[in-house]
Amino acid sequence: MADPRARRDTRSRPEMAADRIAAFARAAEPGARLGTKEELRARCGVSVGTFNEALRLVQARGLVSVRPGPGGGLFATEQSPMVRLGNAVLALADAQTSVADAVRIRNALDPLLVEDALWHASPADIAEMREVLAEMAQAAQTPDATAFTRANWRLHKKIAAVSPSQVLRSIYTGLLEVIETHTLAVLYEEQARTLPDYLDERHKLHAAIVDAIAGHDAERAERLMREHNTVPPGGPLAPRDGG
């Protein structure tokens, strides 16, 4: 019987085709011609519609450019340091990357983002965070672990979006994408007896963090983040808590 915790590929066909095109581009010299659209579509083995969506994804990553006319086609682009950084983090999803390692690194970045949020979050930012907290509270009462986890990640993304540091935001959101891709596709056994209490506890902790941000209370925020990143071994959501 297959291990239910085994890694599953949950990417869509356009995403898988985009990853193949991205691999071609990374292996080529900047400016090198990768081929015509039809040639690359055939190499990916996908339909025209799927290929066009994949092409849109790799263009958004800044990996390829399209030139029309004779001698045109797809070309590998010269990547800026920021683009290379973002693509390097996203590429982790294709590697045999440990989700636990991604969570550990993300946890190390959390205090930096909360520190930025303490001084840069506007009243509108705080209001949006509280809206997500309300979703977490509702999911905790159900209890719905998947809905709670999704809302949890949205809260972390909103906190990250406040940071003025593009480097920090890029690395952090990239790690979140890796964690989301790997963890929501895996089946876990949940202990119904303890799950509601656990979700309620995590909701209250996140609510306290947002209160500390709203109150510019750096000392309290630091203490809460230490508590946040200490997950009890074997807790109901330990393998997929993500925050």
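Here goes a summary of the coordinates provided. None of the values given here were measured: they were computed from a predicted structure.

### Some points on the overall build of the protein chain
Across its full length, the protein chain carries ten helices and three strands. Listing every helix and strand of the protein chain by position from the N terminus yields α-β-α-α-β-β-α-α-α-α-α-α-α. Out of the 243 residues in the protein chain, the part that is buried amounts to 40%. Of all intrachain contacts in the protein chain linking residues separated by at least 6 positions in sequence, the fraction that spans at least 24 positions is 74%. Put simply, the protein chain shows about 12700 Å² of open surface, and 53% of that area lies on carbon and sulfur atoms.

### A few points about the sheet that holds strand β2 (residues 64–67)
Taken in spatial order, the three strands make up an open sheet running β1-β3-β2, and their pairing is antiparallel. Bordering the open sheet on either side are β1 (33–35) and β2, each of which pairs with just one other strand. Sheet twist, expressed as the average angle between the axes of neighbouring strands with direction ignored, equals 35°. Pairing between β1 and strand β3 (residues 73–76): two bridges, direction antiparallel. From the neighbouring strand, arginine 33 faces β3, where its bridge partner is phenylalanine 75. Where helix α3 (residues 48–60) meets the sheet, its contacts fall on β2 and β3, and the angle it forms with β2 comes to roughly 120°.

### Examining the packing of aromatic side chains
One pass over the structure, following the stated rule, counts zero aromatic pairs. Geometry around phenylalanine 24 places arginine 43 over its ring, the cationic atom sitting 3.9 Å from the centre.

### Examining the environment of glutamate 227
Looking at where glutamate 227 falls in the secondary structure, it is placed in helix α10 (residues 218–228). As a C-alpha pair, glutamate 227 and leucine 205 span 22 residues in sequence and 8.3 Å in three-dimensional space. Once residues lying within four places of it in the same chain are set aside, the contact partners of glutamate 227 are Arg202 and Leu205.

### Here we look at helix α7 (residues 145–162)
Taking 1.5 Å as the rise per residue, α7 with 18 residues should run 26 Å; its terminal C-alpha atoms sit 26 Å apart, in good agreement. All of the buried residues along α7 are Ala145, Phe148, Thr149, Ala151, Asn152, Trp153, Leu155, His156, Ile159, Ala160 and Val162. For α7, the side-chain oxygen to backbone nitrogen distance between the N-cap and threonine 146 is 3.2 Å, and the N-cap itself is aspartate 144.

### Notes on the pattern of salt bridges
Under the counting rule described, the total for this entry stands at eight salt bridges. Note that glutamate 53 and arginine 56 form a salt bridge whose closest N and O atoms lie 2.6 Å from each other. Separated by three residues within a single helix, glutamate 53 and arginine 56 lie in helix α3, roughly one turn from each other. Overall, the relative accessible area of 45% leaves arginine 56 in the partly exposed class.

### Concerning the nonpolar core
By size, the foremost hydrophobic cluster in this structure holds 41 residues, and its most contacted members are Val114, Met129, Leu155, Ile159, Ile209 and Ile213. Of all elements in the fold, only α5 (99–120), α6 (123–141), α7, α8 (166–183), α9 (195–214) and α10 reach the threshold of two or more residues within this core. With ten residues, α9 is the largest single contributor of residues to this core. With 18 residues, the next largest nonpolar core counts Ala22, Leu40, Ala54 and Val58 among its residues.

### Some remarks on the packing of α6 against α9
Working note: a packed helix pair is described by the angle between its axes plus the distance between those axes. Packing of α6 against α9 brings their axes to within 9 Å, and their N-to-C directions diverge by 170°. Classified by the angle between their axes, α6 and α9 sit roughly antiparallel to one another. Between α6 and α9, the contacting residues are Ile126, Met129, Arg130, Leu133, Met136, Ala137, Ala139 and Ala140 on the first element and Pro196, Leu199, Asp200, His203, His206, Ala207, Val210, Asp211, Ile213 and Ala214 on the second. Residue composition of the contact of α6 with α9, grouped by class: 13 nonpolar, two polar and three charged.

### Regarding the pairing of β3
Inspection of the sheet shows β2 paired to β3 by four bridges, in the antiparallel sense. The residue bridging arginine 67 from the neighbouring strand is glycine 73, located in β3. If you look at the hairpin formed by β2 and β3, you'll find five residues sitting between the two strands, and glycine 69 has a positive phi there, around 85°.

### Remarks on helix α1 (residues 13–27)
Relative to the 21 Å expected for 15 residues at 1.5 Å per residue, α1 spans 21 Å between its end C-alpha atoms, a close match to the ideal helical length. Every buried residue of α1 is accounted for by Pro14, Ala17, Ala18, Asp19, Ile21, Ala22, Phe24 and Ala25.

Calculation rules
Residues numbered from 1 in each chain as written. Predicted model: local features only at pLDDT ≥ 70, side-chain atom pairs only at ≥ 80, totals over all residues. Heavy atoms only, no water. Helix = DSSP H or I, 4+ residues; strand = E, 2+ residues; numbered from the N terminus. Buried < 20%, exposed > 50% of the residue type's maximum accessible area, 1.4 Å probe, protein only. Contact = heavy atoms within 4.5 Å. Areas by Shrake-Rupley, 256 points an atom, 1.4 Å probe, with all protein chains shown as cover. Pairing = 2+ DSSP bridges. Axes fitted to C-alpha atoms, helices over the stretch in contact; angles between N-to-C directions. Phe/Tyr/Trp six-rings, centres within 6.5 Å; stacked < 30°, edge-to-face > 60°. Lys NZ or Arg CZ within 6 Å of the ring centre and 35° of its normal. Expected span 1.5 Å × (residues − 1). Polar contact = N/O pair within 3.5 Å; in protein donor to acceptor, adjacent residues only side chain to side chain. Salt bridge = Lys/Arg side-chain N within 4 Å of Asp/Glu carboxyl O. Core = buried A, V, L, I, M, F, W, Y, C linked by side-chain atoms within 4.5 Å. Parallel < 35°, antiparallel > 145°, perpendicular 65-115°, else oblique. Nonpolar A, V, L, I, M, F, W, Y, C, P; charged D, E, K, R; others polar.

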